[in-house]
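# Architecture and fold: a report
Each chain, letter by letter, is given below.
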There are 2 protein chains.
Amino acid sequence: MQIPNFRNVFTFIILSSLGFQTVFASSGAHDIIPQTFLWIVIALLAARMGGFVEKFGQPAVLGELLAGAILGNLVLLQMPWFEGMKSNEYLHFMAELGVVILLFQVGLESNVNEMKKVGLRALLVASIGVILPFIMGRYIAGPLLMPGLSENAYLFLGATLSATSVGITARVFKDFSILSSKESRIVLGAAVIDDVMGLVLLAIVSAIVQTGSISVFSVLQTITLSILLLAGGTILGGMIAKPLSKWMSSLNPGSGMKLAFALIVGFLFAYIAHLIGLAPIVGAFTAGLMLDSIHFVHFDEPHYIAEFKDAVTSSDPETQERVISISEKQNEKHIEHILEPIGQFLSPIFFIMTGLAVDFSVFMNPSTVLTAFVLSIIAIIGKLASGMIAGKGVNKWIIGWGMVPRGEVGLIFASVGRALGVVDAAEFSVIVVVIMLTTFITPPVLGYLLKKNPIS
Amino acid sequence: MQIPNFRNVFTFIILSSLGFQTVFASSGAHDIIPQTFLWIVIALLAARMGGFVEKFGQPAVLGELLAGAILGNLVLLQMPWFEGMKSNEYLHFMAELGVVILLFQVGLESNVNEMKKVGLRALLVASIGVILPFIMGRYIAGPLLMPGLSENAYLFLGATLSATSVGITARVFKDFSILSSKESRIVLGAAVIDDVMGLVLLAIVSAIVQTGSISVFSVLQTITLSILLLAGGTILGGMIAKPLSKWMSSLNPGSGMKLAFALIVGFLFAYIAHLIGLAPIVGAFTAGLMLDSIHFVHFDEPHYIAEFKDAVTSSDPETQERVISISEKQNEKHIEHILEPIGQFLSPIFFIMTGLAVDFSVFMNPSTVLTAFVLSIIAIIGKLASGMIAGKGVNKWIIGWGMVPRGEVGLIFASVGRALGVVDAAEFSVIVVVIMLTTFITPPVLGYLLKKNPIS
């Protein structure tokens, strides 16, 4: 009993040919969903074709970004075939679902105790990675490279340069199966802390622009609330997850219920994070981190193991043990395995859409490109410096480069500045190019570094 | 580099508290995506709670419909908490994705040669199931139960009663794992034919209403085009699928590419069906039917089987054979297995949204309910009669009841009639109640019939 979405085109043709033309005049809106099916086909095909970069040791995500960028810029060659994808709200929604699922998967594959071990290092990396680019942008690079702008404009430039977008790096680490490495944990931890810092910074900067001063009370309130709600949510969530999983498995154990439980917790945390003011992906990551194998034990289907046990009843004990260990290993990994197809369906759409948003025509303005290029080097140096203080026993370059992409987080800052009337069109263009450069350069550099010095 | 969707609520609070209120005034739209995350949580939770009906031998889909109907009508008890779900376009989109994936899965689990064997029976069932309810609605039940309406109004009533919505029945058959039964194949085949017939009927009825007569040429054109494009698409698709799968697996074999290939073919067919004027789910079903294990052979990961082979090298041949047969069976089913989590994520949302659309308040009008009740009995009898001529060796009741739900297909007919000014508000209400009754009664009746006379 859904509102009808189909049949319109052809019925329209039929009715038109019968001299009837008004009924379906407004049916265009109903065609968006089936049209989106075609865009899904193109996005998945492009993402998979982009996978050729893996043959050069590059992470698959780079191929997806490139494929999206090519689709999005064919319009410059008079081939505007894929312009409809850019404005398709359902694709944007799928992209959001995709990155939430991705960070949830990353959280599930990370271990909360292992994360805690690197907590202090992550805090250090995040702090330097926010403070240094901010200062460089605000006081040095801004006034030098873009003279004549207001103090507030430099303020927003600094804030934008301090951002970190964890989606790209998380995906690179996932592509290379090194999510459990120390480097990966430090970067992921720092990115979460960075998001809280970014929220605080945005509030401060906006306050300065608005009132000329900051209310210490408000800032402290923001910080306290963020930390309280994130930590409280995690603790409370952990307390709720156990009885919830027990209750849901009592309704009906099995993989369907297990998946539903995981999705419910993941999306609930994404929503809570949004309520706090944090990015939904930070919530999804936290949910994945919080959920432990203990939460899924009720759902395990014994028939799977039983089947294999049965198969080897009559054989020698050694074989029996090996077969069982294989099947148990499969079972143990279950929830990550179950989520994998959903991630494989939706995550590429996020990176294709990210690529689509890249507009090569901004590179036509030499002064924009030059300014952005120098600014990007500064933006990269700021984050690489944060990697240098990541402590011993880790590849500092990988950590530093892992923090480099500004992605959508940087864009949020720039957009707020734009909305406040502080960031003008020229500065906005420069910032967009910086975001593009830092986002696109990270996957190949990380790919190169990881190929040269494999970590695990 | 996505357009920002997050951070708005809290940032708004902060900025508001700082005396700044205009920047985020238009941010409401950006909050819809994170808000949707909460609706997803509620939909999945409700769907799973509805699963309690399985304890009474009922198909899970009934529980999902009921859960949706309860959520949707809490507003009548002054609890309008879930009203936002009804108008959430992203949920409607997920529902559409869900039912497309469901019918694609059903197609994959069906065998095209087995379908062909029941082709003639399906054609018979579809024909009687369209003609009988149409005649009864147009010439008997309409004039008797709702006297004083125009001839055209009865025409649309007849057309609505002739519809079949295959989603509900397909899901019931899937819940009971009887998709390969003869009964299931006849119903699925008849539903596809029914969709083509419905398209033709809608064109004819609309033409009569518009011009007072029908153009035989146009009708023949519609029929020919539908059949040609559906059959041609299938044959052409089958021809493309083989090299496409070979090419895609050469890019990178493995489960990710296998899934991408399946989704690409499935959504492409859903889109083509829509272009023809058919329901996307008919295209998705056809795609699933067309795809055979042969198309996936290139993607199979030999390491899985190798691992098990290795595990039993030293054991006796009999055990070895059994273990390998189990692992190969697992491997063979692979694509259905890979799609399962995507279906488990999205399909319940379709049925929850279907339930949500039910408005109990229409039952407050006794004359509407009485008319609709009698009309529903006639609607059911019409489809049961079509089951009676399904031939020997099948449970005719199951086939007949399988054709009963009118679902969204009936609603499309009624909506077109409404848009043409032929169906008035009272008649529309009656039709909506008939659609509700025929949709909701089918799962429990099929559950009862299948419990009494299990088929396989």
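Just so it is clear, the structure is predicted and the values come from calculations on it, not from any experiment.

Calculation criteria
Residues numbered from 1 in each chain as written. Chains lettered and ligands numbered in written order. Predicted model: local features only at pLDDT ≥ 70, side-chain atom pairs only at ≥ 80, totals over all residues. Heavy atoms only, no water. Helix = DSSP H or I, 4+ residues; strand = E, 2+ residues; numbered from the N terminus. Buried < 20%, exposed > 50% of the residue type's maximum accessible area, 1.4 Å probe, protein only. Contact = heavy atoms within 4.5 Å. Areas by Shrake-Rupley, 256 points an atom, 1.4 Å probe, with all protein chains shown as cover. Axes fitted to C-alpha atoms, helices over the stretch in contact; angles between N-to-C directions. Parallel < 35°, antiparallel > 145°, perpendicular 65-115°, else oblique. Left-handed = near helix turned anticlockwise from the far one by under 90°. Nonpolar A, V, L, I, M, F, W, Y, C, P; charged D, E, K, R; others polar. Phe/Tyr/Trp six-rings, centres within 6.5 Å; stacked < 30°, edge-to-face > 60°. Patch = residues over 30% accessible without salt bridge, like charges linked within 9 Å, V, L, I, M, F, W, Y side chains within 5 Å. Salt bridge = Lys/Arg side-chain N within 4 Å of Asp/Glu carboxyl O. Expected span 1.5 Å × (residues − 1). Bend = angle between axes of the 7 residues up to and from the residue. Polar contact = N/O pair within 3.5 Å; in protein donor to acceptor, adjacent residues only side chain to side chain. pLDDT = per-residue confidence, 0-100.

### Quick word on the overall build of chain A
Secondary structure summary: chain A contains 21 helices and zero strands in total. Across the 456 residues in chain A, those meeting the buried criterion constitute 61%. When contacts within chain A are restricted to residue pairs at least 6 apart in sequence, long-range pairs at least 24 apart make up 79% of them. Summed over all atoms, the accessible surface of chain A reaches about 17000 Å², with 67% contributed by carbon and sulfur.

### A few points about the packing of helix H3 (residues 60-73) of chain A against helix H9 (residues 166-175) of chain A
All names here are of chain A. Packing of H3 against H9 brings their axes to within 8 Å, and their N-to-C directions diverge by 130°. Classified by the angle between their axes, H3 and H9 sit oblique to one another. Each of Ala-60, Val-61, Glu-64 and Leu-65 in H3 lies in contact with H9, whose residues at this interface are Ile-168, Arg-171, Val-172 and Asp-175.

### What to know about the packing of helix H5 (residues 89-109) of chain A against helix H2 (residues 32-50) of chain B
A pair of packed helices can be characterised by two numbers: the angle between their axes and the separation between those axes. It is at 11 Å that the axes of H5(A) and H2(B) come closest, and there the two elements cross at 65°. Crossing of H5(A) over H2(B) shows right-handed handedness. Residues A:His92, A:Phe93, A:Glu96, A:Leu97 and A:Val100 of H5(A) form the contact with H2(B), whose participating residues are B:Ile33, B:Thr36, B:Phe37 and B:Ile40. Grouping the amino acids of the contact of H5(A) with H2(B) by side-chain chemistry returns six nonpolar, two polar and one charged.

### Focus: the side chain of B:Thr438
All names here are of chain B. One can find Thr-438 in helix H21 (residues 425-452). Using a relative accessible area of 0% as the deciding quantity, one classes Thr-438 as buried. Look past the residues within four positions of Thr-438 in its chain and what remains in contact with it is Ala-379, Ile-380, Val-404, Pro-405 and Arg-406.

### Section: the packing of aromatic side chains
What the rule picks out here adds up to 16 aromatic pairs over all chains. On the numbers, 6.3 Å between centres and 90° between planes, the contact of A:Tyr90 with B:Tyr90 is edge-to-face. Linking A:Tyr90 in helix H5 with B:Tyr90 in helix H5 (residues 89-109), this pair reaches from one chain into another. Across this residue pair, the class does not change: A:Tyr90 and B:Tyr90 are buried. Pairing A:Phe267 with B:Phe37 gives two aromatic rings, centres 5.4 Å apart and planes at 45°, and the pair type is tilted. Of the two residues, A:Phe267 sits in helix H12 (residues 255-276) while B:Phe37 sits in helix H2, which places them in two different chains. Using a relative accessible area of 1% as the deciding quantity, one classes A:Phe267 as buried. With a relative accessible area of 0%, B:Phe37 lands in the buried category. Here a set of aromatic residues connected by ring pairs shows up, and it is made of A:Tyr90, A:Phe93, B:Tyr90 and B:Phe93.

### Quick notes on the environment of B:Leu411
All names here are of chain B. Within the fold, Leu-411 resides in helix H20 (residues 407-419). A residue is classified by how much of its surface remains accessible, and Leu-411, at 9% relative accessible area, is buried. With 24 residues separating them along the chain, Leu-411 and Ile-435 place their C-alpha atoms 7.4 Å apart.

### Section: unusual backbone geometry
Not every positive phi belongs to a glycine, and A:Gln78 is a case in point at roughly 65°. Even without glycine at this site, B:Ser177 takes up a positive phi of about 55°. Within the secondary structure, B:Ser177 sits in the loop between helix H9 (166-175) and helix H10 (182-211).

### Quick word on a nonpolar patch on the surface
Residues A:Leu76, A:Leu77, A:Phe360, A:Phe363 and A:Met364 make up a contiguous nonpolar surface patch of about 480 Å² in total accessible area. A relative accessible area of 36% means that A:Leu76 is categorised as partly exposed.

### Here's the deal with H21(B)
With 28 residues, H21(B) should reach 40 Å at 1.5 Å per residue; the first-to-last C-alpha distance of 41 Å fits that figure. At B:Thr442, H21(B) is bent by approximately 30°, the largest bend along its length, and proline B:Pro443 sits one to four residues beyond.

### Regarding the pattern of salt bridges
Any two side chains of opposite charge can pair if their charged atoms end up close together. Residue and element names in this part refer to chain A. This model, assessed by the stated rule, comprises 18 salt bridges over all chains. Residues Glu-114 and Arg-185 are paired through a salt bridge, measuring 3.4 Å at the closest nitrogen-oxygen approach. With Glu-114 in helix H6 (residues 112-117) and Arg-185 in helix H10 (residues 182-211), the pair connects residues that are 71 residues apart, well separated along the chain. Counted as one network, the salt bridges with shared partners bring together Glu-64, Arg-171 and Asp-175.

### Focus: the side chain of B:Ser386
All names here are of chain B. Along the chain, the position of Ser-386 falls in helix H18 (residues 366-388). A polar atom in the side chain of Ser-386 sits 2.6 Å from the backbone oxygen of Lys-383. Ignoring any residue separated from it by four or fewer positions in sequence, one finds Ser-386 in contact with Val-125, Ile-128, Gly-129 and Met-403.

### Considering the environment of A:Asn395
Residue and element names in this part refer to chain A. Among the secondary structure elements, Asn-395 is positioned in the loop between helix H18 (366-388) and helix H19 (396-402). Between the C-alpha atoms of Asn-395 and Pro-147, which are 248 residues apart in sequence, the distance is 37 Å. Those residues in contact with Asn-395, other than ones at most four positions away along the chain, are Glu-183 and Asn-453.

### Focus on the confidence of the model for chain A
Residue and element names in this part refer to chain A. Taken over all residues, the pLDDT of chain A has a mean of 83, while the share at 70 or more is 84%. Below pLDDT 50 for its whole length, residues 1-28 participates in 79 contacts with residues either more than four positions away or in separate chains. Interface confidence for the predicted complex, expressed as ipTM, amounts to 0.83; the pTM equals 0.83.

### Considerations on the environment of B:Ala203
One can find B:Ala203 in helix H10. Overall, the relative accessible area of 5% leaves B:Ala203 in the buried class.

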